[in-house]
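A structural walkthrough
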Protein chains: 2
Amino acid sequence: MPGRWCRGPAKWWHGEFRGCGYRITIPRQIILQVLDESKEHLSAEDIYLKVHNIYPAIGLTTVYRTLDLLVNMGLIFKFDFGDGRARYELARGANEPYHHHHLICTNCGRIIDYTDFVDEELELIKKTEKELSKKYNFEIKNHTIQFYGLCDECSDKEK
Amino acid sequence: MPGRWCRGPAKWWHGEFRGCGYRITIPRQIILQVLDESKEHLSAEDIYLKVHNIYPAIGLTTVYRTLDLLVNMGLIFKFDFGDGRARYELARGANEPYHHHHLICTNCGRIIDYTDFVDEELELIKKTEKELSKKYNFEIKNHTIQFYGLCDECSDKEK
DNA sequence: TATATTAATGGAAATCATTATCAATAAGGA
DNA sequence: TCCTTATTGATAATGATTTCCATTAATATA
């Protein structure tokens, strides 16, 4: 039986790491695994706790550092939903089925992913990106669209 | 000569304050004045410093409290551009000429307002809002669209 | 496979934006 | 003008994120 932390089959991101000269370490592997297995919008602490279950030696500092690295590499997205902590999720390509945006309840903090109209959005976004990058000479790498309001439960409570 | 802090002519927002039972105080007046006079995306501390120049007795706590109040009243918007501090700007109606979105340079933090395609965006946003509020029973009050990337200067530097 | 190099780690302390506490102050109605 | 109580501001507390630095471990190389 292989050791507990055996590397296993090479993952899709190993090449990207090696190409940049980054080392493939246990903390990095597990952080990516946790992000990959979770459909949620995890905070750094959420991730720390989940990784800690698998690999108790993990340090919170390493989680922050790794998340920062992954954001810079474009492998994950960092969001701010207005509750004072950043949230992270794996970046699937903008054209892949996972592409989505967020509805954020300003009362209870619930976050709903939606994929409706993403095609039409993307079309407009592409057009806008093209024009804006020309007009402002701005190299656009990413975008966010977020809707704020009240979820069904919080909306009911107000009545 | 009237006192330094005489109220002067009633402002457009006085009614909204009175209607909610909120008092019209000197700090609130000056904070709104500062927001109105600035075209920038001010942080709480920026606002504190500007208000302090006019009214040195201001406290940072009051600035935060007032901004929170104004956000809840819908008079100002609160943004997060990813630099760890919130930014505020006066909310002109979504249909007024001031409506704009942001290009954010992830390298130097520069923020560029753009108003291009806002009409088309608004059309899509309205349609999306309509559908999403129906589908998820979500009461949408607001939205943000942000583009992240490199401004012309930072883009040049990388080469 | 053993070794050397140095990137990466993790615990503790530091930082920094924002919030809570609470006694003093002042807005606005009577 | 006076009274009620919303509002204020100084200080302390909080909580997320960063910095520091000695230790560890990934990878290139012998």
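Residues numbered from 1 in each chain as written. Chains lettered and ligands numbered in written order. Predicted model: local features only at pLDDT ≥ 70, side-chain atom pairs only at ≥ 80, totals over all residues. Heavy atoms only, no water.

**Describing the protein's contact with DNA strand D**
- The full set close to DNA strand D counts 25 residues, and Tyr64(A), Arg85(A), Thr25(B), Thr62(B) and Arg65(B) are the nearest of them.
- Sugar plus phosphate, as a fraction of atoms of DNA strand D within 4 Å of the protein: 67%.
- In the environment of DNA strand D, a phosphate oxygen lies 2.5 Å from a nitrogen or oxygen atom belonging to the side chain of Thr62(B).
- Of all elements in the fold, only helix H4 (60-73) of chain A together with helix H2 (26-37) and helix H4 (60-73) of chain B reach the threshold of two or more residues within the surface near DNA strand D.
- Partitioning the surface near DNA strand D into residue classes produces 11 nonpolar, seven polar and seven charged. (Near = heavy atom within 4 Å. Polar contact = N/O pair within 3.5 Å; in protein donor to acceptor, adjacent residues only side chain to side chain. Helix = DSSP H or I, 4+ residues; strand = E, 2+ residues; numbered from the N terminus. Nonpolar A, V, L, I, M, F, W, Y, C, P; charged D, E, K, R; others polar.)

**With respect to the interface of chain A and chain B**
- Counting residues at the interface gives 37 residues for chain A and 37 residues for chain B.
- The largest share of the area that chain A buries against chain B comes from Phe117(A), Phe138(A) and Phe147(A), three residues that together contribute 19% of it.
- At the boundary of chain A and chain B, one finds four salt bridges.
- The shortest N-O distance in the salt bridge between Glu120(B) and Lys127(A) comes to 2.3 Å.
- Linking chain A to chain B there are 18 residue pairs in polar contact (both at pLDDT 80 or more). (Contact = heavy atoms within 4.5 Å. Buried area = accessible area lost by both parts, 1.4 Å probe. Salt bridge = Lys/Arg side-chain N within 4 Å of Asp/Glu carboxyl O.)

**Quick notes on the pairing of strand E2 (residues 76-80) of chain B**
Residues and elements named next belong to chain B.
- Where E2 and strand E3 (residues 86-90) come together, five bridges link them in antiparallel fashion. What sits directly across from Asp-80, in E3, is Ala-86.
- Here E2 folds back onto E3, and the loop between the two strands holds five residues, one of which, Gly-82, carries a positive phi near 85 degrees. (Pairing = 2+ DSSP bridges.)

**As for the nonpolar core**
- Ranked by size, the top nonpolar core spans 26 residues in total, and within it Leu103(A), Phe138(A), Phe147(A), Leu103(B), Phe138(B) and Phe147(B) carry the most contacts.
- Of all the secondary-structure elements, those providing two or more residues to this core are strand E4 (101-105), strand E5 (111-114), helix H5 (118-135) and strand E6 (139-150) of chain A together with strand E4 (101-105), strand E5 (111-114), helix H5 (118-136) and strand E6 (139-150) of chain B.
- Excluding anything up to four places from it in sequence, Phe147(A) contacts His102(A), Leu103(A), Ile104(A), Tyr114(A), Ile125(B), Thr128(B), Glu129(B), Leu132(B), Ile140(B), Asn142(B) and His143(B). (Core = buried A, V, L, I, M, F, W, Y, C linked by side-chain atoms within 4.5 Å. Buried < 20%, exposed > 50% of the residue type's maximum accessible area, 1.4 Å probe, protein only.)

**A word on the UniProt feature "binding site: Zn(2+)" (unreviewed entry) in chain A**
Residues and elements named next belong to chain A.
- Here the UniProt feature "binding site: Zn(2+)" (unreviewed entry) sits at Cys-105, Cys-108, Cys-151 and Cys-154. These residues run over 50 residues, yet every pair of their C-alpha atoms falls within 8.1 Å of each other.
- Take Cys-108: it is sitting in the loop between E4 and E5.
- Taking relative accessible area as the criterion, Cys-108 reaches 45% and is therefore assigned partly exposed.
- With respect to the helices, strands and loops of the structure, Cys-154 is situated in helix H6 (residues 152-157).
- In this view, Cys-154 contacts Cys-105, Asn-107 and Cys-108; residues no more than four positions away in its chain are not counted. (UniProt positions renumbered as here; feature names shortened; annotations may be inferred.)

**Brief notes about the protein's contact with DNA strand C**
- Looking at DNA strand C, there are 23 residues lining it, with Thr62(A), Arg65(A), Ile24(B), Tyr64(B) and Arg85(B) nearest.
- Counting only atoms of DNA strand C within 4 Å of the protein, the sugar-phosphate share comes to 68%.
- The backbone of Gly59(A) places a nitrogen or oxygen atom 3.2 Å from a phosphate oxygen of DNA strand C.
- Thr61(A) is positioned with one of its side-chain polar atoms (N or O) 3.2 Å from a base nitrogen of DNA strand C.
- Only helix H2 (26-37) and H4 of chain A together with H4 of chain B provide two or more residues apiece to the surface near DNA strand C.
- Looking at side-chain class alone, the surface near DNA strand C contains 11 nonpolar, six polar and six charged residues.

**Some details on the pairing of E4(B)**
Residues and elements named next belong to chain B.
- Counted residue by residue, E4 has five buried out of five residues, so it is predominantly covered.
- Because side chains alternate across E4, one face comprises the buried residues His-101, Leu-103 and Cys-105, and the other comprises His-102 and Ile-104, equally buried.
- Of the pairings in the sheet, the one linking E4 to E5 comprises four bridges and is antiparallel in character. When the sheet's bridge partners are listed, His-101 is paired in E5 with Tyr-114.
- Adjacent in sequence and paired antiparallel, E4 and E5 are bridged by five residues, among which Gly-109 carries a positive phi angle near 85 degrees.

**So, the confidence of the model for chain A**
- Of the residues in chain A, 91% have a pLDDT of 70 or more, and the chain-wide mean is 87.
- Ignoring residues within four places in sequence, the model shows residues 1-7 of chain A, a span with pLDDT below 50, making nine contacts including any to other chains. (pLDDT = per-residue confidence, 0-100.)

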